[in-house]
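# Breakdown of the fold
As a plain string of letters, each chain reads:
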Number of protein chains: 6
Amino acid sequence: MTESIEMCARKYARKDTQVYAVSPDMGVDSIECYVDEYLSVPGVLKEIVKGDREENADAYIISCFGDPGLQAAREITDKPVLGIAESAIAAAKMIAPYFSIVSVLDRSRKVTEDVVFNYGATQFCRSIRSTGLSVLEFGENPKKGLEALERESIQAVREDGAECILLGCAGFVDFVERLKSRLGVPVLDGVMPAVKFAEALVDMGLKTSKVNTWKYPEAKEYVGYTGL
Amino acid sequence: MTESIEMCARKYARKDTQVYAVSPDMGVDSIECYVDEYLSVPGVLKEIVKGDREENADAYIISCFGDPGLQAAREITDKPVLGIAESAIAAAKMIAPYFSIVSVLDRSRKVTEDVVFNYGATQFCRSIRSTGLSVLEFGENPKKGLEALERESIQAVREDGAECILLGCAGFVDFVERLKSRLGVPVLDGVMPAVKFAEALVDMGLKTSKVNTWKYPEAKEYVGYTGL
Amino acid sequence: MTESIEMCARKYARKDTQVYAVSPDMGVDSIECYVDEYLSVPGVLKEIVKGDREENADAYIISCFGDPGLQAAREITDKPVLGIAESAIAAAKMIAPYFSIVSVLDRSRKVTEDVVFNYGATQFCRSIRSTGLSVLEFGENPKKGLEALERESIQAVREDGAECILLGCAGFVDFVERLKSRLGVPVLDGVMPAVKFAEALVDMGLKTSKVNTWKYPEAKEYVGYTGL
Amino acid sequence: MTESIEMCARKYARKDTQVYAVSPDMGVDSIECYVDEYLSVPGVLKEIVKGDREENADAYIISCFGDPGLQAAREITDKPVLGIAESAIAAAKMIAPYFSIVSVLDRSRKVTEDVVFNYGATQFCRSIRSTGLSVLEFGENPKKGLEALERESIQAVREDGAECILLGCAGFVDFVERLKSRLGVPVLDGVMPAVKFAEALVDMGLKTSKVNTWKYPEAKEYVGYTGL
Amino acid sequence: MTESIEMCARKYARKDTQVYAVSPDMGVDSIECYVDEYLSVPGVLKEIVKGDREENADAYIISCFGDPGLQAAREITDKPVLGIAESAIAAAKMIAPYFSIVSVLDRSRKVTEDVVFNYGATQFCRSIRSTGLSVLEFGENPKKGLEALERESIQAVREDGAECILLGCAGFVDFVERLKSRLGVPVLDGVMPAVKFAEALVDMGLKTSKVNTWKYPEAKEYVGYTGL
Amino acid sequence: MTESIEMCARKYARKDTQVYAVSPDMGVDSIECYVDEYLSVPGVLKEIVKGDREENADAYIISCFGDPGLQAAREITDKPVLGIAESAIAAAKMIAPYFSIVSVLDRSRKVTEDVVFNYGATQFCRSIRSTGLSVLEFGENPKKGLEALERESIQAVREDGAECILLGCAGFVDFVERLKSRLGVPVLDGVMPAVKFAEALVDMGLKTSKVNTWKYPEAKEYVGYTGL
């Protein structure tokens, strides 16, 4: 999945933008519940610290539709950090009055619902639909996955009033083009807008506000973690 | 004002982006109340139609912080249309947990409040402050204007808990750098992010959803307008 | 349509109330999208200015369910200005716990949704349904229009829990009585309550607050408009 | 207090409107807390039943700013029933973008806050201020009461951004004119708009929807009450 | 009904907790509309005063799912007073992300909706469903009642996304166990959590805040009531 | 801090309740920002798994006012899991109409604000105030800490309208009694109500709903973690 995310990111990145896709050495195969979300965050934070110290990265993207650890990530660096859910929602609002999100397991819907609620997007979100398939099932049987995404997307447009479809999983980047041609409404993955908005923020010279909430953590002892 | 907006837009645009700033031939000197907002819209729409027909523009920016006529503009073209308030708010949310907006006359606050409310950003907006100066007074006495902006911005940070300042008027683009250096928090004009987000949307090949709400208007007779 | 609105208004007005229905000389045949809304406003404002200067009107009603330009209208006169959506919603809340709005094209729903949201009535509005017919189709085939309104209204009551039906178009005034007798719930057009609330406000001697937001526009040059 | 309410109501009522002000024979001297609210309702309901059976009333007004028992009252009659808080808020929204409510004891603020919240008016209400004086103190020392109302109203306008003042107690009807002349913003008592809106609803032939929520109570035994 | 509530309360109460279930001598057979709600309150308040004066009760529970008179009850005693709707909602939020409420008549839904809205629980409540049966019908034909509750509960889980069912009537305490075994999700009556939370508050020594809103009513004359 | 939390918990627990306070072997000295929150969660989850496997615990309490990882914790066990912020808010709503939260660093306010927003308690929360002192400073100089808490609490009551004070840090359990005696309003730590509500849920036999959102995580590989 990391590879296809990287390919998508590179496809939409400008020529002078270097994209590095990394998968933390701590974490989970796929992220589908709150446990998965939380267990992925320490590894994500470690990669950002490494990006600041070793790779001089200009911006960071957390490529999971729950945007796990986004606020924490903004504390440990002053470079812009973007979540793909946040980016997809911001882009969708610019091109459509209402969107729906189509995602993986039914249990995963609340993670997405929390994201939509916390970003103040409830009034623009017509529905959050699930395909009932796990991230790994999508990987194993992409054809079945595509059909399920198409089925739920069509219902979102016809029954729920969606005028734009957001794909609620970073593993769906390869489905965007095929769905777009079938649905007749814009289809958005989150990786694509996150890359473009990251470039935009860097071009503007914007950095995360360090005046209060998201300033660097106070110096204290972290037990059981290295690299932070 | 159109000139300084154009200079700002060009400063932040990529080298391969051509920026045309136009001032409609219908409209008002400055926009500070609902009458001004509404009277500016027919001219704005006309310019967009012209941009589509004659100039083959890739995207449009409505450069007034009330985003007047934004939804109407999205109906008459399928190219992305961005408002500067919408863009400033979207950018601010990516780099700060809370922002305040500093604007012109006290009476103009409700226009801004409506924008914030309708974009689902009320929970992120700590305050909307006014300097008590009109757009034209800012033009005539920029020093006084800068001082007033600084004074209100400092209060927004200290008393209201803002961690980012949005300048609520397109006429403020020249003040961004000076305010930023004095305030210690990010300062955002809306023109800058609107230009960058327009580039981003064009790069992604995204167009306004034409499936329902924002499709082209039904063919009907418009009396008293030409060019639509 | 102007005629039937005038007849409706006169039917419900008191004997000592004089009703003048005017159709601005700028504008659109029918109002069904944001472009239509915005293009109708300059003409509406011009008529209000004329009403103040030449006809000594006591109050104004904007007879389109999107209440286009309502806040602008309140700036250019101190006489009460009422929108028919605002009036219908206010009246509905006094006689029923929940209402639904039945309107014209599906694309027009968002205009109505924005109105409901901005008036703080979301919690009372069970649904906004569309008949799929344009304003002009209603004019050409009223029987078909009535059937469509009845069909959607019945569904609003049975499926959505509406206990009162608002007709979301000023062109529907002639359908009120027939729908009421068939539905068993109150049916409200907006013209009727707007007329009665206008009389009420005039009787009370109430005028629009001119202390800040809605005071008269600052003196400035309006290019391309006459009569303002 | 009943007398001055009646005088106010008669002053604003049309000539062909008969006003009867009654004080229930169960209840409390003044209403300032939830206990007072609840204890007043059985008597209010009894008067409405009596009004329907014996006096053939066309509409009812509950003249206490907490609108106690309003939904219950709408169940036991099909004639329009109006609350004075509801009416004042509806009228205020028609003439000003924001209002504040000035009321009696500080403890009474929550009753008013609940009303504003339940009517969907939170976004229009800038503040609820209290004078710290009880209803009875207003009766005993009207001069002191007027001064306290004026002081709080001025602060509501200057500090809270109110552009219209609502007087949050039916006992304040006599203060409206004097406050209006001093404040420079519209001042609204609730009795006045309730009378006018009641006339409006009756003129329109509107009755309370009896389809579900507010239909007549099921036949059942009420122990300890007579006259219901 | 009072007996089965008492049995339920005793079943869940600790051994050292004494439970007294009383039915006020004023009031209604069953509570299904706003009139019923309001007419029950004076009797409830009287019982609480009696509980304070004669029985030295440590806490009070209002056993009707509309929590009638809860704020008034908190004014006349400093002992904790709990509503069963409030308690059921608080407990549900601790064990499930979303709940639905299944209740009696369709008309009764708004009482429940108001409760959910006023407790800030709208975002957790998936639906409020009614069985269409009155409280008395449940008493006469419990088998039919159980079937209706089961049918609506299953739909709430399958169609509305509920993950916990709240029984919206104190008369349903006997159905909890049977429904739980059939539904596969937690089923909550309100009496059970109200008893346990009352014990918890008493153990903590917590009393109702008497600093402002809920302090004892001002001394005044109550006409037509005794025992307050 | 773990010790004083344990002492507090034991003080309020029933005699037949065994309390074990554990500090995870992964984590941070004190929790004051999002990084701290997220880094504490893996250790918390590990302790809960251990509690299920080895200690047969009946319920769990996460003793940090941000309730870090609460939803994840509810996934990995079916025993009730309570957060102290959630418990304090639930208890406060039962005894006061409005509360304020007084906490540590100013930067920590957003964590608390997110909690309040996500629990649907915004309408009851008058303010979130910070003392400007870190958790460790409270430990080093409790007298200074108490004074700061008292100062902010008094302002919350007088200026913000709080009628109950919640202490927004598990490290404040020792301050409850002293503040209560000085403030005249209820003062709540979160540990105390969490213990009592945990007992209540266990007594009721309630377990976390496992039907969808919070069911056990799908079997998958967790890299870099042991004990989950």
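Residues numbered from 1 in each chain as written. Chains lettered and ligands numbered in written order. Predicted model: local features only at pLDDT ≥ 70, side-chain atom pairs only at ≥ 80, totals over all residues. Heavy atoms only, no water.

Okay, the overall build of chain A next. Within chain A one finds nine helices and eight strands. Its C-alpha atoms give chain A a radius of gyration of 17 Å, near enough to 17 Å, the size a compact globule of 228 residues would have. By its C-alpha atoms, chain A is 50 × 35 × 35 Å across when sized along the principal axes. Within the span of chain A, comprising 228 residues, buried residues form 65% of the whole. Put simply, of all contacts in chain A between residues at least 6 apart along the chain, 66% involve residues at least 24 apart. In chain A, 27 positive and 35 negative side-chain charges are present, and the distance between their average locations comes to 3 Å. (Helix = DSSP H or I, 4+ residues; strand = E, 2+ residues; numbered from the N terminus. Rg over C-alpha atoms; globule rule 2.2 N^0.38 Å. Buried < 20%, exposed > 50% of the residue type's maximum accessible area, 1.4 Å probe, protein only. Contact = heavy atoms within 4.5 Å. Lys, Arg positive; Asp, Glu negative; His and termini not counted. Charge placed at Lys NZ, Arg CZ, Asp CG, Glu CD.)

With that settled, the discussion passes to the arrangement of the chains. Taking C-alpha atoms as the reference, chain A and chain D come no closer than 16 Å and do not contact one another. A minimum C-alpha distance of 16 Å separates chain C and chain F, which share no contact.

Looking now at the interface of chain C and chain B. Tallying the contact residues gives 42 residues for chain C and 42 residues for chain B. Taken together, both faces of the contact between chain C and chain B bury some 3,800 Å²; the carbon and sulfur share is 55%. The interface formed by chain C and chain B holds eight salt bridges in total. At the boundary of chain C and chain B, one finds 39 residue pairs in polar contact (both at pLDDT 80 or more). For the side of chain C that touches chain B, the leading source of residues is helix α2 (residues 34-55) of chain C, giving eight residues. (Buried area = accessible area lost by both parts, 1.4 Å probe. Salt bridge = Lys/Arg side-chain N within 4 Å of Asp/Glu carboxyl O. Polar contact = N/O pair within 3.5 Å; in protein donor to acceptor, adjacent residues only side chain to side chain.)

The next subject is helix α5 (residues 109-118) of chain B. Taken as a whole, α5 of chain B has its buried residues at K110, V111, T112, D114, V115 and V116 of chain B. One or two residues past the end of α5 of chain B sits G120 of chain B, with phi positive at roughly 70°.

When chain C is brought onto chain B, the operation consists of a screw motion whose angular component is 180° and whose axial shift is 0.0 Å, with 0.0 Å RMSD remaining. Both copies of the chain, as the preceding transformation shows, are related through a two-fold rotation axis. Measuring from the rotation axis to each C-alpha of chain C, the shortest distance belongs to Y38 of chain C, at 3.4 Å. When the interface residues of chain C are mapped onto chain B, 100% of them again lie at the interface, so the same face is used by both copies. (Least-squares fit on C-alpha atoms with pLDDT ≥ 70 in both.)

Turning our eyes to something else, we now look at the environment of P97 of chain F. Its place among the elements puts P97 of chain F in the loop between α4 (84-95) and β4 (99-103). As for P97 of chain F and C164 of chain F, which are separated by 67 residues in sequence, their C-alpha atoms are 8.2 Å apart. Residues within four places of P97 of chain F in sequence aside, it is in contact with K110 of chain D, T213 and W214 of chain E together with F124 and E163 of chain F.

Now for the packing of helix α1 (residues 2-12) of chain E against helix α9 (residues 191-203) of chain E. All names here are of chain E. The interhelical angle for the contact between α1 and α9, taken along N-to-C directions, is 50°, at an axis separation of 9 Å. On the basis of the axis angle, α1 is oblique to α9. Crossing handedness for the pair α1 and α9: right-handed. Every residue of α9 that contacts α1 at I5, C8, A9 and Y12 is listed here: V191, M192, V195 and K196. (Axes fitted to C-alpha atoms, helices over the stretch in contact; angles between N-to-C directions. Parallel < 35°, antiparallel > 145°, perpendicular 65-115°, else oblique. Left-handed = near helix turned anticlockwise from the far one by under 90°.)

This paragraph deals with the sheet that holds strand β4 (residues 99-103) of chain E. All names here are of chain E. As summarised here, the arrangement of the four strands in space is β5-β4-β6-β7, forming an open sheet in which the pairing is parallel. Two strands in the sheet have a free side with no partner beyond their single neighbour: β5 (125-130) and β7 (187-188). In this sheet, β5 lies alongside β4 in parallel orientation, the contact comprising five bridges. Across the sheet, residue V102 finds its bridge partner in β5, namely R129. (Pairing = 2+ DSSP bridges.)

It is worth spelling out the relation of the copies chain E and chain F at this point. What relates the pair of chain copies is a rotation about an axis plus a shift along that axis. Mapping chain E onto chain F calls for a rotation angle of 180° and an axial translation of 0.0 Å; the resulting RMSD is 0.0 Å. Both copies contact each other with a shared surface, as 100% of the interface residues of chain E are interface residues in chain F too.

Taken together, the contacts link 39 residues of chain E with 39 residues of chain F. Summed over both sides, the interface between chain E and chain F buries roughly 3,400 Å², with carbon and sulfur atoms accounting for 66% of that surface. Joining chain E to chain F, the criterion identifies two salt bridges. For D203 of chain E, the salt bridge identified is with K196 of chain F, shortest N-O distance 2.7 Å. Counting across the interface, chain E meets chain F through 14 residue pairs in polar contact (both at pLDDT 80 or more). Elements represented by at least two residues in the side of chain E that touches chain F include exactly β3 (81-83), α4 (84-95), α5 (109-118) and α9 of chain E. Its residues assigned to classes, the side of chain E that touches chain F shows 23 nonpolar, eight polar and eight charged. (Nonpolar A, V, L, I, M, F, W, Y, C, P; charged D, E, K, R; others polar.)

We now examine the side chain of S30 of chain F. For S30 of chain F, the position within the fold is in the loop between β1 (27-28) and α2 (34-55). Leave out the neighbours within four places in its chain, and S30 of chain F touches K220 of chain A together with D36, V135 and L136 of chain F.

Another aspect to go through is the packing of aromatic side chains. The full count for this structure, using the stated rule, is 27 aromatic pairs over all chains. For the cation-ring pair, K210 of chain C lies above Y216 of chain C, with the distance from its terminal atom to the ring centre recorded as 4.1 Å. (Phe/Tyr/Trp six-rings, centres within 6.5 Å; stacked < 30°, edge-to-face > 60°. Lys NZ or Arg CZ within 6 Å of the ring centre and 35° of its normal.)

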